[in-house]
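# Structural description and commentary
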Amino acid sequence: MGRVVGELCVGAVVPRTGRLSLLGDPLSFVLALLAPTVPHVVNAGRRYPLRLASRDSRSDPGTARRAVRELVEREGAQVVLTLGGTQVLPAVADACEELGVPCVSTTFPWQAYVYGRGADPSRPFTWTYHFAWGLDDIAGVFAEMWHLCAPRPAPVGCLWNDQLPGRLLRHPGRGFLPRAGGRGHRLVDPGSYPEPATTFAPHIGSFLRAGTEIVTTAATERDLALFHREAAEHGLRPRLITSSRWLTYPCTASDLSGAGIATLVYWSPRHPYRSSLDGTTPALLAETYEQRTGNQWLQPLGLAYALVEVAVHALSTAGDPADRRSVADAIGRTRLETIAGPLDWTGGPTPNVAPIPLVGGQWQPGGRHPAELAIVTNTRLPQLRTDADLTFAR
């Protein structure tokens, strides 16, 4: 069946297979959930049929680029959506820039999105837009939890890889490093490690010499489990590990039990938001996901839903929803209340980026699930109540 005359298409590049498939599950779910409930877009009183199309990136940047081209050339997508993946998300966004199609992405610190792709505030992107938090936001949340663990300035061990996340975390002027020392804590950085890691013995030795009781990292679950196991063998027992990236998802590694891991929280069923499409709340979306999939809710779920909200809003408000330049301009002026919170592309922190707030969370023993993500700090979103105290490894 060919395209319908006047039909609009929202394309999505989703990691359905490969190492990022866990991250892709929420977007796959949202596309299937919303396809029958958003059958059209109304723009200036005219009703346009709407179709959601997707392609599997296979968690590979080259495949992701080809997926964008297929969505544009075969499906006629007016806008492309994607989320996550240190290499895959930039590949999707760069392909959209090259092909001249609007792109909206999320679940990736905005500094990595901007500087990792060779742009800066004086040279903004033409076609690509992003909503997320910054490395400075991560540092602020983590430093708050470090202070709860060690009210007086203390050494914090840095477990950072040799890839883009590690390079950005240790950059002297782009977010994490300058903000992390705000409460006086001294960061101990023994240097980078290859991902996947084979040993953390040199890092552990440096942390022991520094008297480190707090560790911060963006390691994968596998690498963090290796570090925790080797640390115990060498007599290093951190009271608190603050971990971004993979540990924002439900932890399955038994090697991390009792490790005192805290993480960032950008979305949860308890967030006080509603969808602009249909009024769906975070609690209802998480419950629907768990009932239909049998899996525990994931933080990207709300942001995946918001991606579709932004696309529909842009197509509804563009001067010409069939014209990609017009749709891109509509995204750039978007101010929208979504299930992921208020998104505003008109005010920065840098062109083409809309910020969302972070709070502190920790995986703690649960009732419905073996581990559940508790909210332990809420300074940046006080209307979201905390529901547990931050606990530390003994």
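The present account deals with the structure reproduced in this document.

Cut-offs and rules
Residues numbered from 1 in each chain as written. Predicted model: local features only at pLDDT ≥ 70, side-chain atom pairs only at ≥ 80, totals over all residues. Heavy atoms only, no water. Helix = DSSP H or I, 4+ residues; strand = E, 2+ residues; numbered from the N terminus. Rg over C-alpha atoms; globule rule 2.2 N^0.38 Å. Buried < 20%, exposed > 50% of the residue type's maximum accessible area, 1.4 Å probe, protein only. Contact = heavy atoms within 4.5 Å. Areas by Shrake-Rupley, 256 points an atom, 1.4 Å probe, with all protein chains shown as cover. Lys, Arg positive; Asp, Glu negative; His and termini not counted. Charge placed at Lys NZ, Arg CZ, Asp CG, Glu CD. Pairing = 2+ DSSP bridges. Axes fitted to C-alpha atoms, helices over the stretch in contact; angles between N-to-C directions. Salt bridge = Lys/Arg side-chain N within 4 Å of Asp/Glu carboxyl O. Core = buried A, V, L, I, M, F, W, Y, C linked by side-chain atoms within 4.5 Å. Polar contact = N/O pair within 3.5 Å; in protein donor to acceptor, adjacent residues only side chain to side chain. Parallel < 35°, antiparallel > 145°, perpendicular 65-115°, else oblique. Left-handed = near helix turned anticlockwise from the far one by under 90°.

Another point: the overall build of the protein. When helices and strands are counted, the protein shows twelve helices and 16 strands. Relative to its length of 394 residues, the protein is compact, with a C-alpha radius of gyration of 21 Å against a globular reference of 21 Å. The burial tally for the protein puts 59% of its 394 residues in the buried class. Residue pairs in contact within the protein that sit at least 24 positions apart in sequence constitute 70% of those at least 6 positions apart. For the protein, the exposed surface amounts to about 15500 Å²; the carbon and sulfur share of it is 50%. One way to put it: in the protein the 38 positive side-chain charges average out to a point 1 Å from where the 35 negative ones average out.

Taken together, the seven strands give an open sheet; going across it, the order is β8-β7-β9-β10-β11-β15-β16, and neighbouring strands pair in mixed fashion. Edge positions in the open sheet fall to β8 (186-188) and β16 (371-377), since each of these has one partner strand only. Across the sheet, the mean angle separating the axes of adjacent strands is 30 degrees when strand polarity is ignored. Most of the contacts of helix α8 (residues 201-210) go to strand β7 (residues 155-159), to which it runs at about 175 degrees, and overall it touches β7, β8 and β9 (214-217). Where helix α9 (residues 221-233) meets the sheet, it contacts β7, β9, β10 (240-243) and β11 (261-265), and its direction lies at approximately 165 degrees from that of β10.

What follows concerns the sheet that holds strand β14 (residues 353-355). Across the sheet, which stays open at both edges, the seven strands sit in the order β2-β3-β1-β4-β5-β6-β14 with mixed pairing between neighbours. Every interior strand has two partners, whereas the edge strands, β2 (40-43) and β14, have only one. Neighbour-to-neighbour, the strand axes of this sheet turn through a mean angle of 25 degrees, independent of strand direction. In this structure, strand β4 (residues 79-83) lies alongside strand β5 (residues 103-106), joined through four bridges in parallel fashion. Residue pairing in the sheet places T82 in a bridge with S105 of β5. Packing of helix α1 (residues 21-34) onto the sheet brings it into contact with β1 (8-14), β3 (46-56) and β4, and relative to β1 it is tilted by some 155 degrees.

This part covers the pattern of salt bridges. For the coordinates displayed, the defined rule picks out 18 salt bridges. Here R74 ties to E70 by a salt bridge, and the two come within 4.0 Å at their closest N and O atoms. Across the pair R270 and D387 runs a salt bridge, and its minimum N-O distance is 2.8 Å. Of this pair, R270 sits in the loop between β11 and α10 (282-293) while D387 sits in the segment after β16, and the two are 117 residues apart along the sequence. Residues participating in the shared-partner salt-bridge network are E7, R51, R55, E70, R74 and E75.

Turning our eyes to something else, we now look at the nonpolar core. Membership of the largest hydrophobic core comes to 140 residues, with the highest contact counts inside it found for F131, F176 and F227. When residues of this core are assigned to their parent elements, the largest contribution, twelve residues, is made by helix α11 (residues 300-317). Setting aside residues no more than four positions away along its own chain, F227 makes contact with L159, F200, I204, F207, V215, L236, P238 and I241.

With that settled, consider the side chain of T128. Mapped onto the elements of the fold, T128 is located in strand β6 (residues 128-132). The exposure class assigned to T128 is buried, which follows from its relative accessible area of 0%. Beyond its immediate chain neighbours, meaning those up to four positions away, T128 contacts A93, C96, E97, C103, Y113, R117 and N352.

In this structure, F200 sits in the loop between β8 and α8. F200 sits in the buried class, given a relative accessible area of 0%. Here the alpha-carbon distance between F200 and L168, two residues 32 residues apart in the chain, equals 20 Å. Here F200 is in contact with L159, Y193, D223, L226, F227 and E230, once residues within four sequence places are set aside.

Looking now at the environment of N43. Tracing the chain through its elements places N43 in strand β2. Classification of N43 by relative accessible area gives buried; the value is 6%. Linking N43 and A91, residues 48 residues apart in sequence, is a C-alpha distance of 31 Å. Residue contacts for N43: discarding those within four places in its chain leaves Y48, L315, S316, T317, A318 and P321. Looking at N43, its side chain comes within polar contact range of the main-chain oxygen of S316, at 3.1 Å.

The next point concerns the packing of α1 against α11. One can describe the packing of α1 onto α11 by two numbers: an axis separation of 8 Å at closest approach and a directional angle of 45 degrees. Between α1 and α11, the angle is such that the two are oblique. The two elements α1 and α11 cross, and the hand of that crossing is right-handed. Every residue of α11 that contacts α1 at L23, P26, L27, F29, V30, L31, L33 and L34 is listed here: P300, L301, A304, Y305, L307 and V308.

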